[in-house]
Amino acid sequence: QKEVEQDPGPLSVPEGAIVSLNCTYSNSAFQYFMWYRQYSRKGPELLMYTYSSGNKEDGRFTAQVDKSSKYISLFIRDSQPSDSATYLCALRADTGRRALTFGSGTRLQVQP
Amino acid sequence: GAGVSQSPSNKVTEKGKDVELRCDPISGHTALYWYRQSLGQGLEFLIYFQGNSAPDKSGLPSDRFSAERTGGSVSTLTIQRTQQEDSAVYLCASSLSVYQETQYFGPGTRLLVL
């Protein structure tokens, strides 16, 4: 079993829809939770970063962390065609290895 | 300022040949990471460097893979005797230090082993 599970999609939604992207994880040591966006043939770029539990909002994006369920989410409001990309969750523990553990990514397509 | 750069952007090689992939991190970033992204897969950690400390090589898949970082800046990932399963996108990232969570990624090198 992978440490981080993420539905690969593709997820296709109409413009303006609310998008929900999710990851589950098994390692309770993870404390840092990130979402990266990756456009085709580009490197990932950081969208949201949360430490420990709770919610964080940035414009149209909201990240949620539920450590009791080992479940993290990214919500995109008023989705735009420019949001079409692959979204990767990435997690890291407080101690030990400093590299990120990534989900496999969810491909999102927002139809105009 | 300039972001993370990688070269070459694409590399096609024959099975059994050695390849070198280069990464130029953001100036002033002391931590440098290498990841591999295979088709349909998430990013798989390979190795990271933090300043002058010994690198964490725990993600390297075999002894055919090695990396070095000269002068605390540029890094080279070397794959010896390439195999077809080495075909992937190799991504480099840097951060201010390993204690900073924000990693900035380069565009990657697409490696195809025939």
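Throughout this document, residue positions are counted from 1 along each chain, in the order its sequence is written. Chain letters start at A and ligand numbers start at 1, both assigned in the order the entries are written. The model is predicted, so local features are restricted to residues of pLDDT at least 70 and side-chain atom pairs to those at 80 or more, both for listing and for counting; the totals for chains, interfaces and linings are taken over all residues. Based on all heavy atoms of the structure, the side-chain values leave hydrogens and waters out of the count.

## Structural notes on the overall build of chain A
Strands are runs of DSSP state E lasting at least two residues, helices are runs of H or I lasting at least four, and both sets are numbered from the N terminus onward. Of regular secondary structure, chain A possesses zero helices and eleven strands. Along its sequence from the N terminus, chain A presents helices and strands in the succession β-β-β-β-β-β-β-β-β-β-β. Each radius of gyration reported is based on C-alpha atoms, and the globular scaling rule is 2.2 Å times the count of residues to the power 0.38. Whereas a compact globule of 112 residues would reach a radius of gyration of roughly 13 Å, chain A reaches 13 Å, a difference of no more than 12%. The dimensions of chain A, computed from C-alpha atoms along their principal axes, are 45 × 30 × 20 Å. Each residue gets one of three labels from its accessible area relative to the maximum for its type: buried under 20%, exposed over 50%, partly exposed in between, using a 1.4 Å probe on protein chains only. Counting every position in chain A, which comprises 112 residues, the buried fraction comes to 46%. Residues count as neighbours in contact if any of their non-hydrogen atoms are within 4.5 Å of one another. By sequence separation, contacts in chain A at least 24 residues apart represent 55% of the contacts at least 6 residues apart. Accessibility throughout is a Shrake-Rupley quantity obtained with a 1.4 Å probe, and a residue counts as covered only by protein chains that appear here. Carbon and sulfur atoms make up 46% of the accessible area of chain A, which totals about 5,300 Å². When charges are counted, Lys and Arg are positive and Asp and Glu negative, with His and the chain ends excluded. To locate a charge, the coordinates of NZ of Lys, CZ of Arg, CG of Asp or CD of Glu are taken. Considering chain A, the positive charge centre built from 13 side chains and the negative charge centre built from 11 side chains are found 7 Å apart.

## Side note on the layout of surface pockets
Its volume calculated, the second largest pocket comes out at about 390 Å³. Taken together, 18 residues line the second largest pocket, and the ones lying closest to its centre are Lys2(A), Phe102(A), Gly42(B), Leu43(B) and Glu44(B). Looking at the lining of the second largest pocket, the elements that each hand over two or more residues are β10 (101–102) of chain A together with β4 (31–37) and β5 (43–50) of chain B. Looking at the lining of the second largest pocket element by element, the count peaks at three residues for β5(B). Note that Gly is not counted as nonpolar here; it falls among the polar residues with everything else outside the nonpolar set of Ala, Val, Leu, Ile, Met, Phe, Trp, Tyr, Cys and Pro and the charged set of Asp, Glu, Lys and Arg. Within the lining of the second largest pocket, the residues separate by chemical class into five nonpolar, eight polar and five charged. Cavity and pocket criteria rest on a 1 Å grid covering protein atoms alone: a 1.4 Å probe that fits but cannot get out defines a cavity, protein on both sides within 12 Å along at least 5 of 7 lines defines an open pocket, and an atom within 4 Å of a point defines a lining residue. Grid points are joined across faces, edges and corners, and a volume is the space filled by probe spheres set on the points.

## Description of the sheet that holds strand β1 (residues 4–6) of chain A
All names here are of chain A. A strand pair is defined by DSSP finding two or more bridges across the two strands. Taken together, the five strands give an open sheet; going across it, the order is β1-β3-β8-β7-β6, and neighbouring strands pair in antiparallel fashion. For this open sheet the edge positions go to β1 and β6 (54–58), each flanked by a neighbour on one side alone. Taken over all neighbouring pairs, the strand axes of this sheet differ in orientation by 15 degrees on average, direction set aside. With three bridges connecting them, β1 and strand β3 (residues 19–25) associate as antiparallel partners. By the bridge assignment for β3, Gln 6 is matched with Cys 23. Simply put, an axis is a line fit to the C-alpha atoms, just over the touching stretch for a helix, and the angle between two N-to-C directions goes from 0 to 180 degrees.

## Considerations on the interface of chain A and chain B
Across the contact, 21 residues belong to chain A and 23 residues belong to chain B. Here the quantity called buried area is the accessible surface, traced with a 1.4 Å probe, that two parts lose on coming together, added over both. For the pairing of chain A and chain B, the buried interface totals around 1,700 Å² over both sides, and the portion due to carbon and sulfur atoms is 54%. Put simply, a salt bridge is a Lys or Arg side-chain nitrogen that is within 4 Å of an Asp or Glu carboxyl oxygen. Taken together, the links from chain A to chain B amount to zero salt bridges. Counting of polar contacts relies on pairs of N or O atoms within 3.5 Å, with two restrictions inside protein: one atom must be capable of donating a hydrogen and the other of accepting it, and residues adjacent in sequence are counted only when both atoms are side-chain atoms. If you look at where chain A meets chain B, you find four residue pairs in polar contact (both at pLDDT 80 or more). Broken down by secondary-structure element, the contributors of at least two residues to the side of chain A that touches chain B are β4 (30–38), β5 (45–51) and β9 (85–93) of chain A.

## Some words on a nonpolar patch on the surface
Residues Val12(B), Leu112(B) and Leu114(B) make up a contiguous nonpolar surface patch of about 280 Å² in total accessible area. Counting through the fold element by element, Val12(B) comes out in strand β2 (residues 10–13). A residue counts toward a patch only above 30% relative accessible area and without a salt bridge, and it is joined to like-charged neighbours within 9 Å or, for Val, Leu, Ile, Met, Phe, Trp and Tyr, to nonpolar neighbours within 5 Å.

## Some points on the side chain of Asp83(A)
Residues and elements named next belong to chain A. Mapped onto the secondary structure, Asp 83 falls in the loop between β8 (71–76) and β9. Looking at Asp 83, the relative accessible area reads 1%, which means it is buried. Every residue in contact with Asp 83, bar those within four places of it in the chain, is listed here: Arg 37, Arg 60, Phe 61, Ile 76, Asp 78, Leu 108 and Val 110.

## Let's talk about the pattern of salt bridges
Following the criterion strictly, the structure yields seven salt bridges over all chains and no others. Across the pair Glu57(A) and Arg77(A) runs a salt bridge, and its minimum N-O distance is 3.4 Å. Of this pair, Glu57(A) sits in strand β6 while Arg77(A) sits in the loop between β8 and β9, and the two are 20 residues apart along the sequence. As a salt-bridge pair, Glu44(B) and Arg36(B) come within 3.1 Å of each other at their nearest N and O atoms. What makes Arg36(B) buried here is its relative accessible area of 10%.

Remember that the coordinates give geometry; whether it matters functionally is a separate question.
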